[in-house]
Amino acid sequence: MPVHSRGDKKETNHHDEMEVDYAENEGSSSEDEDTESSSVSEDGDSSEMDDEDCERRRMECLDEMSNLEKQFTDLKDQLYKERLSQVDAKLQEVIAGKAPEYLEPLATLQENMQIRTKVAGIYRELCLESVKNKYECEIQASRQHCESEKLLLYDTVQSELEEKIRRLEEDRHSIDITSAPVKLEKHLHSARSEEGRLYYDGEWYIRGQTICIDKKDECPTSAVITTINHDEVWFKRPDGSKSKLYISQLQKGKYSIKHS
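1. Some points on the pairing of strand β5 (residues 221–228)
Then comes step 1: Of the pairings in the sheet, the one linking strand β4 (residues 210–215) to β5 comprises 4 bridges and is antiparallel in character. Bridging from a neighbouring strand, Thr-210 pairs with Val-224 of β5.
Then comes step 2: The turn linking β4 back onto β5 is made up of 5 residues, and Asp-217 within it adopts a positive phi angle of 65°.
Then comes step 3: Examined bridge by bridge, β5 and strand β6 (residues 232–236) share 4 bridges and lie antiparallel to one another. Pairing of Val-224 across the sheet is with Lys-236, part of β6.
Then comes step 4: Taken together, β5 and the strand that follows it, β6, pair antiparallel across an intervening segment of 3 residues.

This is the structure in structure tokens:
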């Protein structure tokens, strides 16, 4: 058997340790390489997983949105149909006259109509009463005016008759006292009225003519004839006063007239 020395043994051990360290180094380096490659592969797999997950989530969200939109559309259509049916039902109630929304305003309108009808009736009665009172006032005023005119006419006629009676009395008295001279005087002057004209001593006089009136023991005056009656002549003096002459006075010669 070969014999080895102690130094040989140390060299051998040292050589073996170096081999072991090399082997360990090689093992550790291979492990590092494996770790790096696994990490790289894991990073690639995780990025691929993230993209797929995002795409999947996006699709899920789109599907959920589509479902929500469909549900919203369905609910909207359902709500529209329900509201339409409610409106139709309410319209039928209104047509039938049973809807509270129709009956309450209708009752208010009917109440207002009754009040206004009552007020209009009262106003009509007041208007009729006013017209009746006005009519009665007009009738009363007409009657009073008629009575006043009648009294005025009666007084006028009475005054004229009294004046005529007085003149007749004067004529009768003068005839009784001086009957003979009167008969002579009547033949001295000719005076009469015919159709609104005055005939005196061969001349005709009409209304509107200016005459000169002469009376014994007085100055002659100028006047305008205004009226010629059957037995008297009215004239207007320059001062605006009116007087009259009896035709009998002209016949007797108490007054005389001539054209001015």
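2. Some details on the sheet that holds β4
Then comes step 1: Strand order in the open sheet formed by 5 strands is β7-β6-β5-β4-β8, and the pairing between neighbours is antiparallel. Looking at strand neighbours, the two that pair on one side only are β7 (242–246) and β8 (255–259), the edges of this open sheet. Averaged over all adjacent pairs, the angle separating strand axes in this sheet is 45°, with direction ignored.

3. Observations concerning the pattern of salt bridges
Then comes step 1: Under the counting rule described, the total for this entry stands at 14 salt bridges.
Then comes step 2: The closest approach of N and O atoms between Lys-70 and Asp-74, which form a salt bridge, is 3.3 Å. With Lys-70 and Asp-74 both in helix α1 (residues 6–96) and 4 residues apart, this pair spans about one turn of that helix.
Then comes step 3: For Lys-70, a relative accessible area of 54% puts it in the exposed group.
Then comes step 4: For Asp-74, a relative accessible area of 38% puts it in the partly exposed group.
Then comes step 5: Linking Lys-150 and Glu-147 is a salt bridge whose minimum nitrogen-to-oxygen distance equals 3.9 Å.

4. Remarks on the sheet that holds strand β1 (residues 191–194)
Then comes step 1: The 3 strands lie next to each other as β1-β2-β3, forming an open sheet whose pairing is antiparallel. Every interior strand has two partners, whereas the edge strands, β1 and β3 (203–205), have only one. Going from strand to strand, the sheet's axes swing by 25° on average, the running direction of each strand aside.
Then comes step 2: The pairing of strand β2 (residues 197–200) with β3 spans 3 bridges and is classified as antiparallel. Pairing of Tyr-199 across the sheet is with Trp-204, part of β3.

Here is what the cut-offs are and how they apply
- Residues numbered from 1 in each chain as written.
- Predicted model: local features only at pLDDT ≥ 70, side-chain atom pairs only at ≥ 80, totals over all residues.
- Heavy atoms only, no water.
- Pairing = 2+ DSSP bridges.
- Helix = DSSP H or I, 4+ residues; strand = E, 2+ residues; numbered from the N terminus.
- Axes fitted to C-alpha atoms, helices over the stretch in contact; angles between N-to-C directions.
- Salt bridge = Lys/Arg side-chain N within 4 Å of Asp/Glu carboxyl O.
- Buried < 20%, exposed > 50% of the residue type's maximum accessible area, 1.4 Å probe, protein only.

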